[in-house]
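# Examination of the molecular architecture
Now for the letters of each chain:
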Amino acid sequence: MSKKLEYTATNMARKFWLQEMIIGANLKYEGHTDKDIRKKSVEDNIFQGRSENFRRETTSGIILRLNTLDEYLINLLSNCNLEIAKQIVIYSIMKSDKLFFDFMNEIYKDKIILKDFKIKSADLKVFISRKQEQVPKIATWKNSTIERLKNNYIGYLTEAGFIVKEKENLEIIIPIIDKQLQDHIIEIGDKIYLQAMIGEI
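Residues numbered from 1 in each chain as written. Predicted model: local features only at pLDDT ≥ 70, side-chain atom pairs only at ≥ 80, totals over all residues. Heavy atoms only, no water.

A count of helical and extended segments in the chain gives eleven helices and three strands. For the chain, the spread of C-alpha atoms along the principal axes amounts to about 45 × 40 × 35 Å. Counting over 201 residues, the chain shows a buried share of 49%. For the chain, the share of sequence-separated contacts (at least 6 apart) that also reach a separation of at least 24 residues comes to 68%. (Helix = DSSP H or I, 4+ residues; strand = E, 2+ residues; numbered from the N terminus. Buried < 20%, exposed > 50% of the residue type's maximum accessible area, 1.4 Å probe, protein only. Contact = heavy atoms within 4.5 Å.)

Have a look at this one:
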């Protein structure tokens, strides 16, 4: 991984934000700074926040994810179709959330490799228990925090089209990653994130 991240629970309150990420990428593409985007969010409500505080929180999360993307990916996100945009958003969440990356790398990827395309509730419980044993910080998180994170992670993958809910299980839909996106991710040394998305070693 290109940047050392700490485990945080910030995504507990963050959505997938597909349209918001596209809006932010368009502004970055036009040359706007993070400061400009924050100002536009508060004054013009470009992300449709209910309150000023909500706008600030939403904007912070969007900027965090946008700042994991290089110029090429910002430009691609601002000009691509929705399917590619969803793939870039998942990539940006993995790049900005260490626990989500672990989930993708240790559960989602491994399920594809093993050709077991169902994620069960037990899989999620084992994953969280293992992380609580490995990372003292995660062991201090409340159960409600863990549940909200799990629900958000499932929501991200559902909105991206990486899984569908099927009764008690989650059915994995292996994404077909856009070729130019694949090539660029590999070129910049981020193949580990691509492998987590498509289930390759």
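Okay, the side chain of H184 next. Note that H184 resides in helix α10 (residues 179-187). A distance of 2.6 Å separates polar atoms of two side chains, one belonging to H184 and the other to D70. The residues contacting H184, other than those within four sequence positions of it, are D70, Y72 and L73. (Polar contact = N/O pair within 3.5 Å; in protein donor to acceptor, adjacent residues only side chain to side chain.)

With that settled, consider empty space enclosed by the protein. Evaluated as defined, the whole model comprises two cavities of 30 Å³ or more. What the largest cavity holds in volume is close to 40 Å³. Together, F103, L124, F127, I128, K150, Y153 and I154 line the largest cavity. Broken down by secondary-structure element, the contributors of at least two residues to the lining of the largest cavity are α7 (121-134) and α9 (143-160). The residue makeup of the lining of the largest cavity, split by class, is six nonpolar, no polar and one charged. (1 Å grid on protein atoms, 1.4 Å probe; cavity = no way out; pocket = protein on both sides within 12 Å on 5 of 7 lines; lining within 4 Å. Points joined across faces, edges and corners; volume = space filled by probe spheres on them. Nonpolar A, V, L, I, M, F, W, Y, C, P; charged D, E, K, R; others polar.)

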